Amino acid sequence: MKKVLKVIGIILLVLILIIAGLSIWKWDLIKSVYIGLSSTPDEISRKIDTTQEKMQNNIEFYTGITLREPTDEEMKLLSSGKLTKAELFEKILNEAIEEYLKNNETESFDTKYDQIVAKYTSAFYSLKQKYIGMLDSLINVANDEFQALPKEQKTTKNRSKIISKYINVASEYESSCDNEVNLLLDSMKAELKAINSDTNIVDAIKEVYYEEKSLRISYYTSKLK
């Protein structure tokens with residue numbers, strides 16, 4: 001019975017958000033919100049980890065950049081929860097890109113291709129971290145506001161009001177991030193085309209970006225429960 005009531009509450013919250021006038025939301029985001037409200041942050045974090053694995057596979061498949069294995073110390077941090085798989089991947093990726101660019105300054109075709117991919121992948125992750133930081137701050141403010149309410153006021157209705165209050169800002173972040181990512185990937189594709197190179201990796205990165213973005217919407221929503 002409690003499970004049924006929880007599901008009904010989730011559906012009502014989604015409906016409230018729509019009725020509240022959130023026309024800025026795309027319908028595909030409603031699914032992300034529903035997943036967030038019906039899943040735990042840990043469950044969604046594990047799905048986000050799979051997108052990092054896809055990115056790693058893309059880098060190694062399309063380029064000559066090889067990513068090292070995690071150290072024993074890093075594995076301990078991972079096991080203790082002090083480091084996430086996503087953070088570990090980005091650390092290893094940045095090290096690999098930095099090392100590759102330092103040791104490959106020749107002008108061969110393959111090296112030019114890898115240098116372009118390395119440069120834009122690094123910029124992509126810097127951009128990603130910037131917006132994750134902004135969203136983390138926003139979600140903390142929203143969550144603190146909800147948790148500060150008296151127990152009897154911690155209702156679905158008040159939760160939806162708080163989400164509505166901050167959703168416009170989050171939507172602006174999303175649009176801004178989408179624009180910056182698309183400009184970045186367009187520039188990457190243009191440089192690859194300039195050397196008559198294959199551009200499939202651009203589409204692969206874009207696919208991972210939108211998949212992870214959807215999961216992060218679910219993740220942030222789950223933290224407001």
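Look above for the structure.
Conventions used here
- Residues numbered from 1 in each chain as written.
- Predicted model: local features only at pLDDT ≥ 70, side-chain atom pairs only at ≥ 80, totals over all residues.
- Heavy atoms only, no water.
- Helix = DSSP H or I, 4+ residues; strand = E, 2+ residues; numbered from the N terminus.
- Buried < 20%, exposed > 50% of the residue type's maximum accessible area, 1.4 Å probe, protein only.
- Contact = heavy atoms within 4.5 Å.
- Areas by Shrake-Rupley, 256 points an atom, 1.4 Å probe, with all protein chains shown as cover.
- Expected span 1.5 Å × (residues − 1).
- Phe/Tyr/Trp six-rings, centres within 6.5 Å; stacked < 30°, edge-to-face > 60°.
- Polar contact = N/O pair within 3.5 Å; in protein donor to acceptor, adjacent residues only side chain to side chain.
- Salt bridge = Lys/Arg side-chain N within 4 Å of Asp/Glu carboxyl O.
- Core = buried A, V, L, I, M, F, W, Y, C linked by side-chain atoms within 4.5 Å.

Quick look at the overall build of the protein now. The helix and strand inventory of the protein stands at eight helices and zero strands. Ordered by position from N to C terminus, the α and β elements of the protein give α-α-α-α-α-α-α-α. In the protein, buried positions account for 40% of the 225 residues. For the protein, long-range pairs separated by at least 24 residues make up 73% of all intrachain contacts whose partners lie at least 6 apart in sequence. Of the roughly 12900 Å² of accessible surface on the protein, a fraction of 56% belongs to carbon and sulfur atoms.

Within an α-helix, residues lying three or four positions from one another point in the same direction, as the helix has 3.6 residues per turn. With 22 residues, helix α3 (residues 41-62) extends 32 Å between its outermost C-alpha atoms, agreeing within 8% with the 32 Å of an ideal straight helix rising 1.5 Å per residue. Taken together, the buried positions of α3 are I44, I48, D49, T51, Q52, M55, N58 and I59.

Another aspect to go through is the packing of aromatic side chains. To describe a pair of aromatic rings, one takes the distance between the centres and the angle between the planes. Enumeration over the complete set of coordinates arrives at four aromatic pairs. Seen in terms of ring centroids, F124 and Y209 are 6.1 Å apart; in terms of plane orientation they differ by 80°. Their pairing is edge-to-face. Of this pair, F124 sits in helix α6 (residues 109-147) while Y209 is found in helix α8 (residues 200-222), placing the two residues 85 residues apart along the sequence. Taken together, a centroid distance of 4.9 Å and an interplanar angle of 70° make the contact between Y209 and Y210 edge-to-face. Here Y209 falls in the buried class, since its relative accessible area comes to 9%. Three or more aromatic residues joined by ring pairs make a cluster, and in this case those are F124, Y125, Y209 and Y210.

All right, on to the side chain of T63 then. Counting through the fold element by element, T63 comes out in the loop between α3 and α4 (72-80). Residue classification places T63 among the buried positions, given a relative accessible area of 12%. A polar contact of 2.5 Å, which involves the side chain of T63, links it to the backbone oxygen of I59. A polar contact of 3.1 Å, which involves the side chain of T63, links it to the backbone nitrogen of I65. Excluding residues that lie within four positions of it along the chain, T63 makes contacts with Y113, D114, V117 and I201.

Applying the stated criterion across every chain, the model contains 12 salt bridges. In this structure, the salt-bridge partner of K54 is E211, at a minimum N-O distance of 2.8 Å. Within this pair, whereas K54 is found in helix α3, its partner E211 is found in helix α8, the two being separated by 157 residues in sequence. Residue classification places K54 among the partly exposed positions, given a relative accessible area of 36%. Salt-bridge contacts for K130 lead to E180; the nearest nitrogen and oxygen are separated by 3.3 Å.

Time to look at the nonpolar core. Ranked by internal contacts, the top residues of the largest apolar core, which has 33 residues, are M55, I65, F124, M188 and I201. Taken together, the elements giving at least two residues each to this core come down to α3, α5 (85-103), α6, α7 (156-194) and α8. At nine residues, the largest contribution of residues to this core is made by α6. Non-local contacts of M188, meaning those with residues more than four positions away in its chain, are made with I116, V117, Y120, I201, V202 and I205. Residues I44, I48, I132 and I139 belong to the second largest nonpolar core, which totals seven residues.

Interpretation note: all reported values are geometric properties and have no functional meaning in isolation.
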